[in-house]
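Residue-level structure breakdown
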Amino acid sequence: MIRFKMPSLGADMKDGTLAEWRKQPGDFLQRGDIIADVDTQKGLIEIEVFSEGTLEKLLVQEGEKVPVGTVLALIRPVKGHEKEEEELPVTSVDLHPIEEAKPSELPKSTKERIKISPLARKIAEENHVDITQLKGTGPEGAIVKADIEKAVSKKGKEEAEPIDLKPVPPSVESIRMAVAAAMSRSNREIPHYYLEKRVDMSNTLEWLREANKNRPVQKRLLPLAVYIKAVAKALDEVPDLNAVWDNGLVRKNEINIGFVVSLRSGGIVVPSILQADSKTVDEIMDAINDIIPRARAFRLRSSELSESTFTISSIGEGGADKVYGIIYPPQVGIAGFGGISEQAFAVNGMLGIHPVMDITLAGDHRATDGLIGSRFLGALTKYLQNPENL
Amino acid sequence: MSKMIKITYREALKQALREALQTDEKVFLMGEDVGRYGGAFAVSKGFLEEFGPDRIMDVPLSESGFTGAGIGAALGGMKPIVEVMTVNFSLLAMDQIINNASTLLHMSGGQVNVSVVIRMGCGIGSQLAAQHSHSWEPFYAHVPGLIVLSVGVHEDARGMVLTALKSPDPVILFEYTSMLNMEGEIPENSGEVDISKAKVRRSGNDISLITYGTGVYKCLEAAALLAEDGIDAEVLDLRVLRPMDEESILESISKTHRALVVEDAWRSVSISSEVSARIMEKGFFELDLPVERLCGVEVPMPYPKHLETAALPQPMDIADKVKKMLRS
Amino acid sequence: MQKKTVGKSKVSSKQGNKLLHQMMLIRRFEEKSAEAYTETKIRGFLHLYSGEEAVAVGVTQALGENDNVLSTYREHGHAIAKGLDPKTIMAEMYGKQEGCSKGRGGSMHLFDASKKFFGGSAIVGGHLPLAVGMALASKKQNLDNITCCFFGEGAGAEGEFHESMNLASLWKVPVLFVCENNLYAMGTAIRFTHSIQELEKRGDSYGIPSASVDGMDLLAVMDAVKKAVSTIKKTGGPYFLVCNTYRFRAHSMFDAELYREKSEVEEWKKKDPIPKFRDYLLNANLLSEKEVDAIEKSVEKEVDEAIDFAENGTWEDIRDLTKFVYSEKEAE
């Protein structure tokens, strides 16, 4: 069977709307016949077939807009020897290896920047001259070569402090391996228990709609920001889950919420919103907007990767209904947020259609029991449903 | 060492062209008024009588047409020297130079090469106002596939066109009309010169004055002024604006650790921006001062002499700028 | 089968077979290219020549091996007619290094110096000065070849057309200007673009002998080009031939053809040069149905082979990216 696909008529054509089928199943098609009219941004274009055969089946309805490469119809070839077409995913091949952005150098300290010429800095480093002790004579008081030379001859050689090593940026492979190791260890060592709860999200979504009404797109709040804040508040109420297991439960003072970010290259990273309990929802949203692009570019600070005290995993819109996490050791819990969907749900004895979300908790049974976990889910539900109090 | 002779820039250009026409039958000169008029700037005066109308071709005012024909003649096996009277008119031939001369080798996968030399009279300084005072070196130097040369000294006037004719690839040769009457000294047996490297015109240790074209003599003059104040400036003549000789720039910077780039062209997106960027990329840790530039003021060239002079870097300006840089 | 004198031109059955074969090959090659384009095997712009085959084939058959051809971005037909291997053309359009321009040019920039085919130029009118220059070089070197330059009527409105006509006549160089007037400069009809639509009249103002011919009729084109070439050989100067023709397909692949009526296209399809010439050969007993079938089969096979060749071609190493910028060294 020949798969007749939405043709690509130009690099700027991404999709087309099937305006009209000019042939019907059973029709015999000759090479060059017009099989359909397709509406594009340049107007209606007649689409020709390049093979002979009988139109077997139409797969796309008139009026439907589909991407280039979508199979529109099946054609039964006239001769038996026509090659069966292979189904290939329509993707553009990028021949350019993507260069990963390197992390920018982190400020070594909060001290005031020293103005120094590149040459002077180089000579200073070679000779271990402490430039913080020098006064520059160059433009705007910058230290220039002559200043260093003077210092060298006066003081002689002196050992400079070793320079801090920059954090090494993680690579795709190293991330994959780190995830693999942590998850294997978790599954091997941690006896997980699982709890779940269904939450009516009507109020939350209404609140988000209101909050976003007058905001520019880049300032809009995502549900994720609400989840993080709600989790932080719930942990504040149930501190046994904001802890690590180190031959015993050790509570953490700070509430740092790790959240799972999927990478386009595969794998995940779990950056952290530090001190989420003391941030407003807006501040958390800003932090998310700042952190996600950096996470995807491997430009996270090490603290953002290592200091989570609790982790959440959120599936997002249109995804699975429930997610059961695996605890990221040495943490003792992970919360899962499923996709929001409309379900029959009874409120105050009235059955209605509500947007609901299933939230889950995986807890470390060595550290806590189901009762604690259940209290946490209860608190979380309360905060989720009353976002105005967050 | 051969004997030095005094010669004008015009005469040097003329001798080079004559030598080219004498030594290779395939070489011919085509351009507006190159024959009967004797060349708009009298560079080819007498050539028509000496070489005849087949080799000294007056052409109609069709910059795109005759430049394209020169490129076509090169494809056909000849060695044309196309003279575009002034760089200002070359804008009308840009389609031919950029869409044909620079691309044919590539589009044909290396099958055809365009061995053409396109000379353009350029430069500022005779109160010719906005349309006749352009410095388009940066435009052409932007284009891969072209070799862009700038004739900044007499020795190059005497030799560059000869070497350019041996290039299998298209060469744009910038000649400076304001220098035509200027006298200079060159070795008696001057001829072909290297067209791959920049050249140090004056050696110095304190700062590199990096320049080309009319900037070369201006920088040399400035260097002489600075020497009186005990400042030892090096003058580097870029000469080859594409492909740029990065190595010589870095070598000079590694010695002086300071650079001032000087040109008549407008400052934005210019040769000096390019030089400055390359120093930043590859010579950053040799720098003891930020790179600075002196360029044409960004205004269409005004007619009055005093404004024209003020619109261009002058030797005094260069010297002052250097002193300011080194004093700080 | 014996050689016959037919119509205005003499075509032997062998020659007739060859010319029909070329036209059918070009047509089929274009159809396959369109197909490959919709499958994204070919990218960039793809301008197809269907309908205009009699011009490329009719003109080129009068040229010799040493005659230069320069063409436009709608040049697959000219390239095939000038003897380029359809395999290397298809590979070029696929961007493979086995292509006639090593994959660097694509559909719009086919080159083969060994066949004296100097491109596919995609700036309308930009190659006309080159053609004049190549003819000038021939004249200066006392070569007896001519340079043939194909362009569309759209180019006739460019300054470079007028400059080139003037230079060619002024210098008296052996260049054959062939204007393929297919009535549309992309989507704008000639009546909106030319003050004088009988383009051959333009020749008069430059003192260039000129003629126009029905470009849908191979025999007529052959007659006209014969006269053109003999004039050039006799005078050593230029000639301007306007071939009135029509493209059956859109300007390029992504074109909704809003600017012309379907009925107009259908009208012109009745003048399709291929069936016309085929029927002529059949009626004159210069060719049999069986031979036509054989041509069809052969063309199918050649085009399939071209596709196979292109499919099996190789991608150039990215490390060679900066090749062909300068002759002797790589670009920086």
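It should be emphasised that the depicted structure is a prediction, and the values quoted were computed from it without experimental measurement. (Residues numbered from 1 in each chain as written. Chains lettered and ligands numbered in written order. Predicted model: local features only at pLDDT ≥ 70, side-chain atom pairs only at ≥ 80, totals over all residues.)

This brings us to the overall build of chain C. Secondary structure summary: chain C contains 11 helices and 11 strands in total. A compact globule built from 332 residues would reach a C-alpha radius of gyration of about 20 Å, and chain C, at 20 Å, matches this within 12%. Counting only C-alpha atoms and orienting by the principal axes, one finds that chain C spans roughly 55 × 50 × 45 Å. Looking at chain C alone, contacts between residues at least 24 apart form 74% of all its contacts between residues at least 6 apart. (Helix = DSSP H or I, 4+ residues; strand = E, 2+ residues; numbered from the N terminus. Rg over C-alpha atoms; globule rule 2.2 N^0.38 Å. Contact = placed C-beta atoms within 7 Å.)

With that settled, consider the overall build of chain A. Summing up its helical and strand segments, chain A has eight helices and 19 strands in all. The proportion of buried residues among the 390 residues of chain A is 28%. A sequence separation of at least 24 residues applies to 61% of the contacts in chain A between residues at least 6 apart. (Buried ≥ 20, exposed ≤ 12 C-beta atoms within 10 Å, placed from the backbone.)

A few words on helix α5 (residues 223–237) of chain A. Residues and elements named next belong to chain A. Look at α5: 21 Å from first C-alpha to last across 15 residues, which is about the 21 Å you get at 1.5 Å a residue. The buried fraction of α5 amounts to 12 of the 15 residues, a majority that puts the element mostly inside the structure. Of the residues making up α5, those classed as buried are P223, A225, V226, Y227, I228, K229, A230, V231, A232, K233, A234 and L235. (Expected span 1.5 Å × (residues − 1).)

Every contact between the two is made by 34 residues of chain B and, on the other side, 37 residues of chain C. Of all the secondary structure elements, the ones that give two or more residues to the side of chain B that touches chain C are α3 (63–75), α4 (94–101) and α5 (104–107) of chain B. Here the side of chain B that touches chain C gets 10 residues from one element, more than from any other, and that element is α3(B). Partitioned by chemical class, the residues of the side of chain B that touches chain C number 13 nonpolar, 18 polar and three charged. (Nonpolar A, V, L, I, M, F, W, Y, C, P; charged D, E, K, R; others polar.)

Below, the discussion takes up the packing of α5(A) against helix α6 (residues 281–296) of chain A. Residue and element names in this part refer to chain A. One can describe the packing of α5 onto α6 by two numbers: an axis separation of 9 Å at closest approach and a directional angle of 120°. Between α5 and α6, the angle falls in the class oblique. The chirality of how α5 crosses α6 is right-handed. Of the residues in α6, those touching α5 at L224, A225, V226, I228 and K229 are V281, I284, M285 and I288. (Axes fitted to C-alpha atoms, helices over the stretch in contact; angles between N-to-C directions. Parallel < 35°, antiparallel > 145°, perpendicular 65-115°, else oblique. Left-handed = near helix turned anticlockwise from the far one by under 90°.)

Here we take up the interface of chain A and chain B. Chain A puts nine residues into the contact, and the matching count from chain B is eight residues. It is helix α1 (residues 118–126) of chain A that provides the largest number of residues to the side of chain A that touches chain B, a total of four residues. A per-class count over the side of chain A that touches chain B returns five nonpolar, two polar and two charged.

On to the environment of A346(A). Residues and elements named next belong to chain A. Along the chain, the position of A346 falls in strand β18 (residues 341–347). In this structure A346 comes out as exposed when scored by C-beta crowding, with 10 C-beta atoms within 10 Å. For the pair A346 and R31, spaced 315 residues apart in the sequence, the C-alpha separation amounts to 60 Å.

All names here are of chain C. The share of residues in chain C with pLDDT of 70 or more is 96%, and the mean pLDDT across the chain is 94. Note that pLDDT drops below 50 for residues 1–7; the model gives that stretch 10 contacts with residues more than four away or on any other chain. Complex prediction metrics read pTM 0.72 and ipTM 0.90. (pLDDT = per-residue confidence, 0-100.)

To continue, consider the domain arrangement of chain A. If you check the domain split of chain A, you get domain 1 (2–77), domain 2 (118–155) and domain 3 (172–389). On a C-alpha basis, the centres of domain 1 of chain A and domain 3 of chain A stand 46 Å from each other. (Domains from an automatic or database assignment.)

All names here are of chain C. Note: strand β3 (residues 68–71) against strand β5 (residues 117–120), two bridges, orientation parallel. Across the sheet, residue S71 finds its bridge partner in β5, namely G120. Summarising the sheet, strand β4 (residues 111–112) and β5 pair through two bridges and their orientation is antiparallel. When the sheet's bridge partners are listed, F111 is paired in β5 with F118. Connecting β4 to the next strand, β5, in antiparallel fashion are four residues, including K116 with a positive phi near 60°. (Pairing = 2+ DSSP bridges.)

With that settled, consider unusual backbone geometry. The residue after P329(A), namely P330(A), is reached through a cis peptide bond having omega 5°. When you line up the elements, P330(A) lands in the loop between β16 (310–314) and β17 (333–337). Looking along the chain, the bond that leaves R242(B) and enters P243(B) is cis, with omega of -10°. Relative to the assigned elements, P243(B) resides in the loop between β12 (240–242) and α9 (246–256). A positive phi angle is found at H128(A), which is not glycine, with a value near 55°. Among the secondary structure elements, H128(A) is positioned in the loop between α1 and α2 (145–155). Its identity as a non-glycine residue notwithstanding, A42(B) has a phi of 60°, on the positive side. By the secondary structure assignment, A42(B) is in the loop between β2 (27–31) and α2 (47–51). For A42(B), a count of 12 C-beta atoms within 10 Å puts it in the exposed group.

Attention now moves to the sheet that holds strand β6 (residues 53–58) of chain A. Pairing within the open sheet is antiparallel, and its four strands lie in the order β1-β8-β6-β3 (chain A). Both outer strands of the open sheet, β1 (2–5) and β3 (28–29) of chain A, are each paired with one neighbouring strand and no more.

Let's shift gears to the packing of α3(B) against helix α6 (residues 159–171) of chain C. Taken N-terminus to C-terminus, the directions of α3(B) and α6(C) make an angle of 65°; their axes are 8 Å apart at the nearest point. The two elements α3(B) and α6(C) cross, and the hand of that crossing is right-handed. Seen from α3(B), the contacting residues are S64(B), G65(B), F66(B), G68(B) and A69(B); seen from α6(C), they are G159(C), E160(C), E163(C), S164(C) and L167(C). Grouping the amino acids of the contact of α3(B) with α6(C) by side-chain chemistry returns three nonpolar, five polar and two charged.

Among the nonpolar cores identified, the biggest contains 226 residues, and L149(B), L173(B), L209(B), C149(C), L176(C) and L241(C) are the most heavily contacted of them. Per-element tally for this core: the top contributor is helix α1 (residues 13–38) of chain C, with 10 residues. When neighbours within four sequence positions are excluded, L241(C) is seen to be in contact with L176(C), F177(C), V178(C), S210(C), A211(C), V213(C), A224(C), V225(C) and A228(C). In terms of nonpolar packing, the next biggest core, distinct from the first, is built from 46 residues, A295(A), I327(A), M357(A) and Y383(A) among them. (Core = buried A, V, L, I, M, F, W, Y, C linked by C-beta atoms within 7 Å.)

What follows covers the pairing of β2(B). Residues and elements named next belong to chain B. In terms of residue burial, β2 counts as a mostly covered element, since five of its five residues are buried. By the alternation rule, side chains of β2 split into V27, L29 and G31 and F28 and M30, which are all buried. Of the pairings in the sheet, the one linking β2 to strand β3 (residues 56–58) comprises three bridges and is parallel in character. Each bridged residue has a counterpart across the sheet, and for G31 the counterpart in β3 is D58.

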